[in-house]
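Read off the chains here:
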Amino acid sequence: MGDTNMDMTRSKIFNVGVYACAVTGALTGAIGYGGGTIGGVLGMGAAGAVAGGLGIPLALTGVAVLGYIGYVGIKSTLKALKSEGAAVPLGLAIVGYSAAKALFVEPVKALAALLPKKEQSPQQPPARSIDDAAKPSRLQAGNLKSAFANIMKPLRKKSAAPKAQAKPPAP
């Protein structure tokens, strides 16, 4: 199966649409429900931005689905849903995910790209303490066998008595 990338945030038109919906939601929330206080206006504006940025694209997708149903008819739609029933929820999930990514992730990436980057020095391993240097790890490659032997020692059965070696016959 090929590589299918369904991320809609690569489309500039989709991003502009999500931001326009977020601005519409922010204005509606701040003006209509803000309550006159600065905290209320900011809080309802932020809630409206999230609701508008996520809800309006999903609602428009639902309207498109209803338009499709009206265009092809209910019988044809039900027949299509029997064979491709997961297409509508999958489409809504893709639109919702892409809208959330455009609303929350893309602005952070854009701000991170604007910030000056620090010059990175070559990676050095973390400094070891004196105790670490004095005591080698039990699980280093050379000590691995002895570490497992010590772990397994109490589990082994001990034989009753060592067997005597047979003496060679006398000449």
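Along each chain, numbering runs from 1 in the same order as the chain's sequence is written. Local features in this predicted model are restricted to residues whose pLDDT is 70 or higher, and side-chain atom pairs enter the listing and the counts only when it is 80 or higher, whereas totals over whole chains, interfaces and linings include all residues. Note that the side-chain values use all heavy atoms of the structure and ignore hydrogens as well as water.

Looking only at helices and strands, the chain features six helices and zero strands. When the helices and strands of the chain are read in sequence order from the N terminus, they spell out α-α-α-α-α-α. A simple rule labels every residue: compare its accessible area, found with a 1.4 Å probe on the protein chains alone, to the largest value its type can have, and call it buried under 20%, exposed over 50%, or partly exposed in between. Here the chain holds 171 residues, and 17% of them are scored as buried. Per element, the accessible surface of the chain, about 14200 Å² overall, is 67% carbon and sulfur. Each helix corresponds to a stretch of at least 4 residues labelled H or I by DSSP, and each strand to a stretch of at least 2 residues labelled E; elements are numbered beginning at the N terminus. Each accessible area is a Shrake-Rupley result for a 1.4 Å probe, and residues are judged covered by the shown protein chains and nothing else.

Quantified by volume, the largest pocket comes out at close to 160 Å³. The distinction between a cavity and a pocket rests on a 1 Å grid over the protein atoms alone: a 1.4 Å probe fits inside a cavity but cannot get out, while a pocket stays open yet meets protein on both sides within 12 Å along at least five of seven lines, and a residue with an atom within 4 Å of a point counts as lining. In terms of lining residues, the largest pocket is bounded by Val65, Tyr68, Ile69, Thr77, Ala80, Leu81, Glu84, Ala87 and Val88. Elements supplying a minimum of two residues to the lining of the largest pocket: helix 2 (38-72), helix 3 (74-83) and helix 4 (87-114). Residue type decides the class: Asp, Glu, Lys and Arg count as charged, Ala, Val, Leu, Ile, Met, Phe, Trp, Tyr, Cys and Pro as nonpolar, and the leftover types, Gly among them, as polar. The residue inventory of the lining of the largest pocket, partitioned by class, reads seven nonpolar, one polar and one charged. Grid points are joined across faces, edges and corners, and a volume is the space filled by probe spheres set on the points.

A few words on the environment of leucine 103. Looking at where leucine 103 falls in the secondary structure, it is placed in helix 4. Judged by relative accessible area, which is 16%, leucine 103 ranks as buried. Each C-alpha atom, one on leucine 103 and one on leucine 54, is 8.1 Å from the other, the two residues being 49 residues apart in sequence. Contacts of leucine 103, omitting those with residues within four sequence positions, involve Val18, Tyr19, Ala22, Ala49, Val50, Gly53 and Leu54. Contacts: residue pairs with any heavy atoms within 4.5 Å of one another.

What follows is about the packing of helix 2 against helix 4. Fitted lines through C-alpha atoms serve as axes, helices being fitted only where they are in contact, and the angles separating the N-to-C directions of these axes extend from 0 to 180 degrees. At a closest axis distance of 9 Å, the pairing of helix 2 and helix 4 adopts a crossing angle of 155°. The pairing of helix 2 with helix 4 is recorded here as roughly antiparallel in orientation. The two elements helix 2 and helix 4 cross, and the hand of that crossing is right-handed. Across the interface between the two elements, Ala49, Val50, Gly53, Leu54, Pro57, Leu58, Thr61, Gly62 and Val65 of helix 2 pack against Val88, Leu92, Val95, Gly96, Ala99, Ala100, Leu103 and Phe104 of helix 4. Taken together, the residues that form the contact of helix 2 with helix 4 break down as 13 nonpolar, four polar and no charged. By definition in this entry, angles of less than 35 degrees are roughly parallel, angles greater than 145 are roughly antiparallel, angles of 65 to 115 are roughly perpendicular, and the rest are oblique. Left-handed describes a crossing in which the near helix is turned anticlockwise from the far one by less than a right angle; the clockwise case is right-handed.

Quick look at the packing of helix 1 (residues 12-33) against helix 2 now. Where helix 1 contacts helix 2, the two axes come as close as 6 Å, and the packing angle between them is 140°. Taken together, helix 1 and helix 2 sit at an angle that is classed as oblique. Along this stretch, helix 1 crosses helix 2, giving a crossing that reads as right-handed. Residue-level contacts link Val18, Cys21, Ala22, Gly25, Ala26, Gly29, Ala30 and Tyr33 of helix 1 to Val41, Met44, Gly45, Gly48, Ala49, Gly52, Gly53, Ile56 and Pro57 of helix 2. Along the lines of polarity and charge, the residues of the contact of helix 1 with helix 2 split into 11 nonpolar, six polar and no charged.

On to the nonpolar core. By convention a nonpolar core is built from buried Ala, Val, Leu, Ile, Met, Phe, Trp, Tyr and Cys residues, the set being connected through side-chain atoms within 4.5 Å. With seven residues, the main nonpolar core is built from Phe14, Val18, Ala22, Ala49, Ala99, Ala102 and Leu103. Elements supplying a minimum of two residues to this core: helix 1 and helix 4. Dropping the residues within four chain positions of it, alanine 49 is found in contact with Ala22, Gly25, Ala26 and Leu103.

A few words now on the environment of isoleucine 56. Residue position: isoleucine 56 is located in helix 2. In this structure isoleucine 56 comes out as partly exposed when scored by relative accessible area, which is 29%. Note: C-alpha distance between isoleucine 56 and glycine 96 (40 residues apart in sequence) is 9.8 Å. In contact with isoleucine 56, other than residues within four places in its own chain, are Cys21 and Ala51.

Just distances and angles here, no functional claims.
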